[in-house]
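An overview of the molecular structure
Each chain, written out:
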Amino acid sequence: MNSFGNVFRVSLFGESHGNAVGVVIDGCPPGIAVSPDDFIPDLSRRQSGSRGTTNRREPDKPEVLSGIFNGFTTGSPLTVITRNSDRISSDYDDFKNIPRPGHADFVAGIKYSGFADLRGSGHFSGRITWGFVAAGVIAKKILKPAEIEAKLVSAGGSTDIEKALDEAIADNDTIGGIIECRVHNPMRAIGEPFFYSVESAISHAVFSVPAIKGIEFGSGFSAPLMRGSEHNDPFIDPAGKTATNNAGGINGGITNGNEIVFRVAVKPTSSTGVVQNTLDFSTGKMTQLKVKGRHDTCIALRMPVIIEAAAAVALADLIMIDRAVNGSRGS
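Quick notes on the rules
- Residues numbered from 1 in each chain as written.
- Predicted model: local features only at pLDDT ≥ 70, side-chain atom pairs only at ≥ 80, totals over all residues.
- Heavy atoms only, no water.
- Core = buried A, V, L, I, M, F, W, Y, C linked by side-chain atoms within 4.5 Å.
- Buried < 20%, exposed > 50% of the residue type's maximum accessible area, 1.4 Å probe, protein only.
- Helix = DSSP H or I, 4+ residues; strand = E, 2+ residues; numbered from the N terminus.
- Contact = heavy atoms within 4.5 Å.
- Expected span 1.5 Å × (residues − 1).
- Salt bridge = Lys/Arg side-chain N within 4 Å of Asp/Glu carboxyl O.
- Axes fitted to C-alpha atoms, helices over the stretch in contact; angles between N-to-C directions.
- Parallel < 35°, antiparallel > 145°, perpendicular 65-115°, else oblique.
- Left-handed = near helix turned anticlockwise from the far one by under 90°.
- Nonpolar A, V, L, I, M, F, W, Y, C, P; charged D, E, K, R; others polar.
- Pairing = 2+ DSSP bridges.
- Disulfide = S-S within 2.5 Å.

1. Here we look at the nonpolar core
Within the largest apolar cluster, 73 residues are counted, with the highest numbers of intra-cluster contacts made by Phe8, Ile202, Val206 and Phe262. The element that contributes the greatest number of residues to this core is helix α7 (residues 304-326), accounting for 14 residues. Not counting chain neighbours up to four residues away, the residues in contact with Phe262 comprise Ile179, Glu180, Cys181, Ile202, Val206, Ile215, Glu216, Phe217, Ile307 and Ala311.

So this is what it looks like as structure tokens:
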């Protein structure tokens, strides 16, 4: 399925080398002030162009097709697209017979009976996250006054990101990274126990982003190394502020008003310049594959804004669910 959310529902569409990519947002409340220019700052953060990113250059200009009238959301489905223009599809001709290691070429060929559009990785491409970021712009408006901030904190196993990038570029290889995301001033008491807890919802959205391999909240995988008396977060005021934040702002799957903190692991870009030995499915023999095309040395460089969008969409949906259950209950 290509949709996420119960009330605030986001559907992504398009292929990397198709005519356009975009998003349909259903369940968006009416009366939210939106200008096409509002999308530009976040969409620009997702673009390539900086060192270590792909040479593909797309304008990424947003085109609103529906759901906004006279500068406000109407309550009907909101559709935003951008046209693809910088395409070199011939770079992908070999991958039907020689699926790239680490990519979705092999499984897409099976799942879609050979009919999948694999140009630029098709619907599996990171290009499709353009629509996710656009949806995040709207979701962030719903979350106000909460603010979301994500940043790359390490790459290639090092906090010296530039050095790690230098080494990967010199080796014609790729690296991954760790992104930390913080939600400042979140609404309290958002989230549903068990199957749609805050952790469940955010994790579901985050794992929809290509290349994500892991997530942790608060103290995360350090928690098993602590004792309960050390891990617990004592309350220090009637508003629920805690002395520490090992819980990452979430208790029982519900926001407690403290900062929501989580980190995600981004794998190295699968399209590496290093020659790899893999199977040619047309001959049944092993062959050497050198991936052509334009690819990111470190895709994690462009992903903080995508992770922000994933968190924003998940939290916006939880807020809309809470309003349906509890009406206009304040924070």
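2. Brief notes about helix α3 (residues 129-143)
In this model, α3 (15 residues) spans 20 Å end to end at C-alpha, consistent with the 21 Å of a helix rising 1.5 Å per residue. Burial analysis of α3 places 14 of its 15 residues in the buried class, which makes it a mostly covered element.

3. Concerning the pattern of salt bridges
Throughout the structure, instances matching the rule amount to 16 salt bridges. The salt bridge involving Glu308 is made with Arg45; its shortest N-O contact spans 3.0 Å. Here Glu308 is found in helix α7, whereas its partner Arg45 is found in helix α1 (residues 40-46), with 263 residues between them in sequence.

4. Quick notes on the packing of α3 against α7
Put simply, α3 and α7 touch, their axes get as near as 7 Å, and they point 50° apart. When the interaxial angle is binned, α3 and α7 end up oblique. Note on packing geometry: the crossing formed by α3 with α7 is left-handed. For the pair formed by α3 and α7, the contact residues are Thr129, Phe132, Val133, Ala135, Gly136, Ala139, Lys140, Ile142 and Leu143 on the first element and Val305, Ile306, Glu308, Ala309, Ala310, Ala312, Val313, Leu315, Ala316 and Ile319 on the second. Broken down by class, the residue content of the contact of α3 with α7 amounts to 15 nonpolar, two polar and two charged.

5. Observations regarding the sheet that holds strand β2 (residues 9-14)
Sheet architecture is open: five strands sit in the order β1-β2-β3-β7-β4, paired in antiparallel fashion. Strands with a single pairing partner mark the edges of an open sheet, and in this sheet they are β1 (3-4) and β4 (63-66).

6. Examining the state of the cysteines
As enumerated under the stated definition, the model contains zero disulfides in all. There is no disulfide at Cys298, and the cysteine sulfur nearest it, in Cys181, is 17 Å away. A residue is classified by how much of its surface remains accessible, and Cys298, at 1% relative accessible area, is buried.

7. Some thoughts on the environment of Gly136
Among the structural elements, Gly136 can be located in helix α3. Residue classification places Gly136 among the buried positions, given a relative accessible area of 0%. Put simply, Gly136 and Val10 are 126 residues apart on the chain and 9.6 Å apart in space, counted from C-alpha to C-alpha. For Gly136, the contacting residues outside a window of four places in its chain are Ala309, Ala312 and Val313.

Remember that the coordinates give geometry; whether it matters functionally is a separate question.
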